[in-house]
Amino acid sequence: MFSFLSKNQPETDSQTISLDPDNIPAHIAIIMDGNGRWAKSRHMPRIAGHKQGMETVKTVTMAASQMGVKVLTLYAFSTENWKRPTDEVNYLMKLPTDFFSAFVPDLVKNNVRVRVMGYTDQLPEKTQQAVQGAIEDTKDCTGMVLNFALNYGGRAEIVTGVKRLAQQVSDGQLDPTAIDDEMISNVLMTASLGQYRDPDLLIRTSGEERISNFLLWQIAYSEFVFVKEHWPDFNGDSLAKAVQTYQQRHRRFGGLEPDENQK
Ligand code: IPE
Ligand code: IPE
Ligand code: MG
């Protein structure tokens, strides 16, 4: 449970996590990690962890949407995850079909729009159909964007973007001295997120503290929160706690705190 801090109303009860409604991170990105270890610790196959992790995706999507988050980006499959055993990869490729067939009505009800970033053309035909179906079914939703990173890799994304710019240079359409931050942001897979393209808050579950090739360019000034829980154990309260931690941070973007500028 979380509640928004109100000026007239102090703390409600100790079970509630109070959040400042004016400082909700607009874009939250999550590295959903620890499914395999969660399952292993229960003597279950790794795929049981992925199945349970899918339930967490539903819970966390609803919690983020209720909190007023604008974009929730979830790292579901990396360009390196193909290295895993075929059975596990096949299961992960089947998950979007199960997920969307069960969950799209709830997404529509909650005005959540699905978006996908990654090399989706390399996914099995059925996975592509499930993803395209969900995008189509939620295209009129105007609330939170639920952005899945599927077969996504930060370095590959930058390579693709750089090739696009290099092609424009070689076609004589772009002066290389004109290349700037904005132009690079615009050739990345987050470009269509506009003002929300860079995450404000990046969360990684399972106790690992690394980026694993996620959103390398976009996280330049993101706040990082690493939590111990494995993804299947993460829930709405865990999200609220991570947002509370974010609200205690002081983002400076290389500058000074407003009160320090006066000194
Ligand atoms: C995250 O959990 C899900 C994916 C990477 C697809 P893992 O499968 O990486 O679980 P661990 O890290 O091995 O426990
Ligand atoms: C990152 O987790 C990828 C996803 C969550 C989809 P991994 O489990 O693949 O990352 P490493 O191998 O621990 O760095
Ligand atoms: Mg992992």
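Under an unreviewed UniProt entry, the name given to the protein is Isoprenyl transferase, and the organism recorded is Levilactobacillus bambusae. Recorded in UniProt for the protein, the comment headed Sequence similarities (unreviewed entry) runs: "Belongs to the UPP synthase family." UniProt, in the comment section headed Subunit (unreviewed entry), describes the protein in these words: "Homodimer."

A. Quick peek at the overall build of the protein. Helices and strands together make up the secondary structure of the protein, namely seven helices and eight strands. For the protein, contacts bridging at least 24 residues in sequence account for 75% of all contacts bridging at least 6. Averaging the locations of the 28 positively and 33 negatively charged side chains of the protein gives two centres separated by 5 Å.

B. Broad picture of the side chain of Arg 115. Position of Arg 115 relative to the elements: it lies in strand S5 (residues 113-117). The side chain of Arg 115 sits in the buried core without any salt bridge; Glu 157 is the nearest counter-charge, 8.0 Å away. In terms of polar contacts, Arg 115 uses its side chain to reach the side chain of Ser 192, at 2.7 Å. Apart from residues no more than four positions distant in its own chain, Arg 115 is found in contact with Val 145, Leu 146, Asn 147, Phe 148, Met 189, Thr 190, Ser 192 and Leu 193.

C. Quick peek at the site of ligand 2. The immediate surroundings of ligand 2 are formed by Ile 31, Met 32, Asp 33, Tyr 75, Ala 76, Phe 77, Ser 78, Asn 81, Arg 84, Arg 204, Arg 210 and Ser 212. At 3.4 Å from an oxygen atom of ligand 2 is found a side-chain nitrogen or oxygen belonging to Arg 204. One of the side-chain nitrogen or oxygen atoms of Arg 210 is found 2.7 Å away from an oxygen atom of ligand 2. In isolation ligand 2 has 390 Å² of accessible area, and contact with the protein removes 77% of it. When each cavity is represented as a set of grid points, ligand 2 is found to reside in the largest pocket. Sorting elements by how many residues they give to the shell around ligand 2 places strand S4 (residues 71-78) first, with four residues. Tallied by class, residues from the shell around ligand 2 come to five nonpolar, three polar and four charged.

D. Quick peek at the environment of Ala 149. Within the element layout of this structure, Ala 149 appears in strand S6 (residues 145-152). Judged by relative accessible area, Ala 149 falls into the buried class, the value being 0%. Leave out the neighbours within four places in its chain, and Ala 149 touches Leu 74, Tyr 75, Ala 76, Phe 77, Met 117 and Phe 214.

E. Geometry of the UniProt feature "active site" (unreviewed entry) in the protein. Annotation from UniProt places "active site" (unreviewed entry) at Asp 33 and Asn 81. These annotated residues cover 49 residues of sequence, and their C-alpha atoms all fall within 12.1 Å of one another, placing them together at a single site. Checked against the lining of the largest pocket, the annotated residues reduce to Asp 33 and Asn 81. Structurally, Asp 33 is set in the loop between strand S3 (27-31) and helix H1 (35-40). Here Asp 33 falls in the buried class, since its relative accessible area comes to 15%. In this view, Asp 33 contacts Arg 204, Thr 205, Ser 206, Glu 208, His 230 and Trp 231; residues no more than four positions away in its chain are not counted. By secondary structure assignment, the location of Asn 81 is in the loop between S4 and helix H3 (86-109). At a separation of 2.7 Å, a polar atom in the side chain of Asn 81 contacts the main-chain amide nitrogen of Ser 78.

F. Representation of empty space enclosed by the protein. One pass over the full model with this rule turns up one cavity of 30 Å³ or more. The volume enclosed by the largest cavity comes to roughly 40 Å³. Forming the boundary of the largest cavity are Ile 158, Gly 161, Val 162, Leu 165, Ile 184, Val 187 and Leu 188. In terms of residue count, helix H5 (residues 154-170) provides more of the lining of the largest cavity than any other element does, four residues in total. Split into classes, the residues belonging to the lining of the largest cavity amount to six nonpolar, one polar and no charged.

G. Representation of the packing of helix H2 (residues 46-67) against helix H7 (residues 236-247) within the structure. Between H2 and H7, the shortest axis-to-axis distance is 9 Å and the interhelical angle comes to 45 degrees. With respect to H7, the element H2 is oriented oblique. Our pair here, H2 against H7, has a crossing hand that is right-handed. When H2 is examined against H7, the residues Thr 59, Val 60, Ala 63, Ala 64 and Met 67 are found in contact with a partner set consisting of Gly 236, Leu 239, Ala 240 and Val 243. The class makeup of the residues in the contact of H2 with H7 is seven nonpolar, two polar and no charged.

About the cut-offs
- Residues numbered from 1 in each chain as written.
- Chains lettered and ligands numbered in written order.
- Predicted model: local features only at pLDDT ≥ 70, side-chain atom pairs only at ≥ 80, totals over all residues.
- Heavy atoms only, no water.
- UniProt positions renumbered as here; feature names shortened; annotations may be inferred.
- Helix = DSSP H or I, 4+ residues; strand = E, 2+ residues; numbered from the N terminus.
- Contact = heavy atoms within 4.5 Å.
- Lys, Arg positive; Asp, Glu negative; His and termini not counted.
- Charge placed at Lys NZ, Arg CZ, Asp CG, Glu CD.
- Buried < 20%, exposed > 50% of the residue type's maximum accessible area, 1.4 Å probe, protein only.
- Salt bridge = Lys/Arg side-chain N within 4 Å of Asp/Glu carboxyl O.
- Polar contact = N/O pair within 3.5 Å; in protein donor to acceptor, adjacent residues only side chain to side chain.
- Near = heavy atom within 4 Å.
- Areas by Shrake-Rupley, 256 points an atom, 1.4 Å probe, with all protein chains shown as cover.
- 1 Å grid on protein atoms, 1.4 Å probe; cavity = no way out; pocket = protein on both sides within 12 Å on 5 of 7 lines; lining within 4 Å.
- Sits in = over half its atoms within 2 Å of the grid points.
- Nonpolar A, V, L, I, M, F, W, Y, C, P; charged D, E, K, R; others polar.
- Points joined across faces, edges and corners; volume = space filled by probe spheres on them.
- Axes fitted to C-alpha atoms, helices over the stretch in contact; angles between N-to-C directions.
- Parallel < 35°, antiparallel > 145°, perpendicular 65-115°, else oblique.
- Left-handed = near helix turned anticlockwise from the far one by under 90°.

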